[in-house]
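Geometric and topological summary
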Amino acid sequence: RRKVDSEGRRFQDRWKVEYFFTEIENHCVCLICQETVAVYKEFNVKRHYQSRHSTYDKLTGHDRSEKLKQLEAVLIECVMKMVENICPEKKQEFANICLARNTVARRIEEISSDIKRQLTSKGVDFDFFSIACDESTDLSDTAQLLIFMRGVDDEMNVTEELLDLQSLTDQTRGKDLFVSVSSAIDDMKLPWNKVTGIITDGAPAMVGERSGLSTLICNKVIEEGGKAIKLHCIIHQQVLCAKHLKYDHVMKPVLKTINFIRSKALCHRQFKQFLLDIQAEYEDVLYHNDVRWLSRGSALQRFYSLRKEIGEFLETKGQPMRELSDPIWLADLGFLVDITKHLNVLNTSLQGKDAAVNQLYSHLKAFGTKLQLFIRQLSQTQPNTIHFSALQEIMNSFPQDNISAQTSRYAADIASLAGEFKRRFQDFAAIEKEISLFSSPFSVDPDDAPDQLQLELIELHCDSELRSRHQQLSLVNFYRQLEIRTLAKKMLSLFGSTYMCEKTFSAMNFNKNRVRTRLSDSHLRDTLELTS
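Within each chain, residue numbers correspond to sequence positions counted from 1 in written order. Totals for whole chains, interfaces and linings use every residue, but because this is a predicted model, local features are given only for residues with pLDDT of at least 70 and side-chain atom pairs only at 80 or more, for both listing and counting. The side-chain figures draw on all heavy atoms in the structure; neither hydrogens nor water molecules are used.

Axis lines are fitted through C-alpha atoms, for helices just across the contact stretch, and the angle between N-to-C directions can take any value from 0 to 180 degrees. Elements are defined by DSSP. Helices are runs of H or I of four residues or more, strands are runs of E of two residues or more, and each kind is numbered from the N terminus. Between helix 9 (residues 234-242) and helix 14 (residues 327-350), whose axes approach to 10 Å, the crossing angle comes to 170 degrees. Considering their axes alone, helix 9 and helix 14 lie roughly antiparallel with respect to each other. On helix 14, the residues that touch I234, I235, Q238, V239 and A242 of helix 9 are L343, L346, N347 and L350. Each residue gets one of three labels, nonpolar for Ala, Val, Leu, Ile, Met, Phe, Trp, Tyr, Cys and Pro, charged for Asp, Glu, Lys and Arg, and polar for the others, Gly among them. Of the residues assigned to the contact of helix 9 with helix 14, the class counts are 7 nonpolar, 2 polar and no charged. Angular relationships are summarised with four words: roughly parallel below 35 degrees, roughly antiparallel beyond 145, roughly perpendicular across 65 to 115, and oblique for the angles in between. Contact between two residues is taken to exist if any of their heavy atoms lie within 4.5 Å; hydrogens are not considered.

Glancing now at the sheet that holds strand 6 (residues 158-168). Here, any two strands with at least 2 DSSP bridges between them count as paired. Strands sit in the order 6-5-4-7-8 across an open sheet of 5 strands; the sheet is mixed. Taken across any chain shown, the strands that pair with only one partner, and hence form the sheet edges, are strand 6 and strand 8 (229-232). Strand-to-strand twist across the sheet, computed as the mean angle between neighbouring axes with direction ignored, equals 20 degrees. In this sheet, strand 7 (residues 195-200) lies alongside strand 4 (residues 126-137) in parallel orientation, the contact comprising 4 bridges. Bridge pairing links A132 to I199 in strand 7. Its contacts with the sheet put helix 6 (residues 174-187) on strand 4, strand 5 (143-153) and strand 6, and the angle it makes with strand 6 is roughly 130 degrees.

Attention now goes to helix 6. One less than the number of residues in a helix, times 1.5 Å, gives the span that helix is expected to have. Along its 14 residues, helix 6 runs 20 Å from first to last C-alpha, staying within 8% of the 20 Å computed at 1.5 Å per residue. Among the structural elements, strand 4, strand 5, strand 6, helix 7 (204-207) and helix 8 (213-223) are those in contact with the buried residues of helix 6. Where helix 6 terminates, the next one or two residues include K189, which has phi positive at roughly 60 degrees.

Strand order in this open sheet of 3 strands is 1-2-3, and the pairing throughout is antiparallel. For this open sheet the edge positions go to strand 1 (21-24) and strand 3 (36-37), each flanked by a neighbour on one side alone. In this structure, strand 1 lies alongside strand 2 (residues 27-30), joined through 4 bridges in antiparallel fashion. Of the residues in strand 2, the one forming a bridge with F21 is C30.

As a further point, take the pairing of strand 4. Of the pairings in the sheet, the one linking strand 4 to strand 5 comprises 11 bridges and is antiparallel in character. Note that in strand 5 the partner of E135 across the bridge is L145. Adjacent in sequence and paired antiparallel, strand 4 and strand 5 are bridged by 5 residues, among which D141 carries a positive phi angle near 65 degrees.

Negative phi values dominate among residues other than glycine, just as trans dominates among peptide bonds. Although it is not a glycine, D141 sits at a positive phi angle of roughly 65 degrees. Residue placement: D141 occurs in the loop between strand 4 and strand 5. The classification of residues rests on relative accessible area computed with a 1.4 Å probe and restricted to protein chains. Under 20% of the type maximum is buried, over 50% is exposed, and intermediate values are partly exposed. Under the relative-accessibility criterion, D141 is labelled exposed at 67%. For K189, which is not glycine, the phi dihedral falls at a positive 60 degrees. Checked against the element boundaries, K189 lands in the loop between helix 6 and strand 7.

To continue, consider the pattern of salt bridges. Should a side-chain nitrogen of Lys or Arg be within 4 Å of a carboxyl oxygen of Asp or Glu, the pair is scored as a salt bridge. Counted according to the given criterion, the structure contains 23 salt bridges. Here K16 ties to D13 by a salt bridge, and the two come within 3.7 Å at their closest N and O atoms. The class for K16 is buried, based on a relative accessible area of 5%. Classification of D13 by relative accessible area gives partly exposed; the value is 30%. Here E465 makes a salt bridge to R469, at a shortest N to O gap of 2.7 Å. Of this pair, E465 and R469 both sit in helix 21 (residues 464-472), 4 residues apart, which is roughly one turn of the helix. By relative accessible area, E465 is classed as partly exposed at 47%. Among the charged side chains, a salt-bridge network with shared partners connects R14, E18 and E42.

A few words now on the domain arrangement of the protein. Interface size is often expressed as the accessible area that is lost when the parts come together. Segmentation into domains, and thus their bounds, comes from an automatic or database assignment. Annotation of the protein at the domain level lists domain 1 (13-96), domain 2 (104-230 + 498-530), domain 3 (241-426) and domain 4 (434-492). Computed over C-alpha atoms, the centres of domain 2 and domain 4 are 31 Å apart. At the junction of the two partners, domain 2 supplies 11 residues and domain 4 supplies 9 residues. For any pair of parts, buried area is found by adding up, for both, the accessible area (1.4 Å probe) each one loses once the two are put together. Of all residues in domain 2, the largest losses of buried area upon contact with domain 4 belong to F128, V152 and M156, amounting jointly to 59% of the total for that side. At the junction of domain 2 and domain 4, the tally comes to 2 salt bridges. The partner of D127 in a salt bridge is K489, with the nearest N and O atoms 2.8 Å apart. Here a polar contact is recorded for every N or O atom pair within 3.5 Å, except that within protein the pair must consist of a potential hydrogen donor and a potential acceptor, and residues adjacent in sequence are included only if both atoms are side-chain atoms. Put simply, domain 2 and domain 4 have 6 residue pairs in polar contact (both at pLDDT 80 or more) between them. If you list the elements that add at least two residues to the side of domain 2 that touches domain 4, you get strand 4 and strand 5.

Another point: the nonpolar core. Among the buried residues, those of types Ala, Val, Leu, Ile, Met, Phe, Trp, Tyr and Cys that are joined through side-chain atoms within 4.5 Å form a nonpolar core. One finds F303, W329, L333, I339, L371, I414 and F421 to be the most contacted residues of the largest nonpolar core, which totals 102 residues. Element by element, the count of residues in this core is highest for helix 14, at 11 residues. Leave out the neighbours within four places in its chain, and L371 touches I339, I414, L417, A418 and F421. The next biggest cluster of nonpolar side chains, apart from the first, holds 27 residues, and it includes L119, L177, F178 and C218.

Below you can see the structure in the form of C-alpha cells.
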C-alpha cells in the first residue's frame, strides 16, 4: 500500500503566485478560502484553484503579486485575532514566528526595489551629486565594487544612499571599474554633467593618473560639460599619516609580549586569572590588528595601563621584559600612547554618515593647530606635558633620570607628523578656498572669491540681517534663505570620506560569511541596500 509520507513531497514556492497557496505548519493552505489540501501535489492544488477561484486568473504580473501580499496580510491578521481570542497569553509567541526563507528573500527583494524606485525618483531632482567608490573581495573571491551617491536638490535636501553594488568576476583595472560605475549611473538616468566629484580609497586602480577610475570619471564629466574633482578619503589618509610615527623599538616588544600572553591558551587563562586575583583595572590585554583604524591606540593604552601587572606575570613565567625597567623606553611608550590617543580622537570625529566635507576638513585643520601647540609646549626649556598624561606620569615616576631631555625629540617627531599631514592632504587644500567660502562666507575677502561670486559676496557682507541668520541657523538652513546656492549645493554634494563604503563592507562580511558563501550577488546587493 502506497504511503504518501514517504514520497518526500514538498511545497513549491511558485504555488503562492500561481494558485494563492501557502504553507502553514506542514499544511498546504489556500490563502483565499483557508482550506487545506491533504497532499503536496500540484495536481491537487491546481484543481482546487481552478474549480473554486478561477476568477483570479484575470490578475497578472504586478497586480497578482500585490493580491498575494494582501491575502497573506489578511491571513496573518486572522490568525492573530484567533490567537488573541483563544489563548491571548501566546500572542507574542505567534508574533515572533520566523517566516520561511523564500518569504524573507522575496520581501527583501521587494523592499530593495522600492528603495531603488524612491532613489530614482529623487535623482531626477538632483542639481549636483558626487560618488564614493571602494572595492573589496568577499569570501567567495568575488570582487565587489560599492558605489555610494550623495545628491543635493534645489531645496538643499541632501540624500546619501547606496547607488549600486557591482560584482566583478574578472579583472579590477581602472577601466573595468569605470564600466561598472558608468552602468550604475546610466541605469539611474543621472546626468554626467551634474557630477561634482569622486572620492576613493587611494588604490592604484582608483587614482591612476592615466587610467585610474577617478581620472576616467573626471574625463567623462568634462566631455559632458561639467567639472568634477578627485579626492582621496580623508580617513584613509589620516590612518596613513598615523603610521608615519613607527616607533618600532616600542611597538615590537609590546606586540611580542601581547602575542606571548594570548597565543597560548594556558598562558592566556593564567594571565586573566592573575589579573582577577590582584583585582587589576582591566581583565585582559588587546590584540593589535593593523587593518582596524583604532586598534593600535587601544592596544597600546591597555598595555600601558597593565604594564606593572604584565611585568610581574612575565617574571613568574621566567620571561622578564627588560624594557619595563628602562625609564627612557617607558617615556617613549607613554608618548606613543598619548599621541595615538589624539590620533584616535581625530579618526573618530571623521567617521559618521551625512558628514559634509567642510565639517571633516575643519576637524583636520583643528588637529593641525593642535600639533603646532604640542610642538611649542614640548620644545620649551621646562616642557609642558599637560596634554600628554601618560608621558607626564612616567616623568613623575622617574624624576632623577631627566626624562624631560627627551621632549625635544618628541617635538621633532610631532613636527615630522605635521609635515606628513600637510603633504598628504593636498587634494583638500586645493579646494580650501571653496570650503571656506561655503562655511564662512562673511570671513572671506571678495577679492579672493571667484569672479562670478564677488558682487554677490559684497551684497552678503553688507546685509546685517543675513549675518545674524548665519550665526543662528545651520549652514543648510542659512543657504535656503539665499538665491546664491550653486556653490553651497556643490560643496554639500561632496563626499569627504569613504566611511559608508567601509561600514557597508563590514555588513557584507557579516551577511556573506563562511556559512553563507552561496549568497547570490543580487541577494547580497538587496541586503546591503537595506542596511546602508
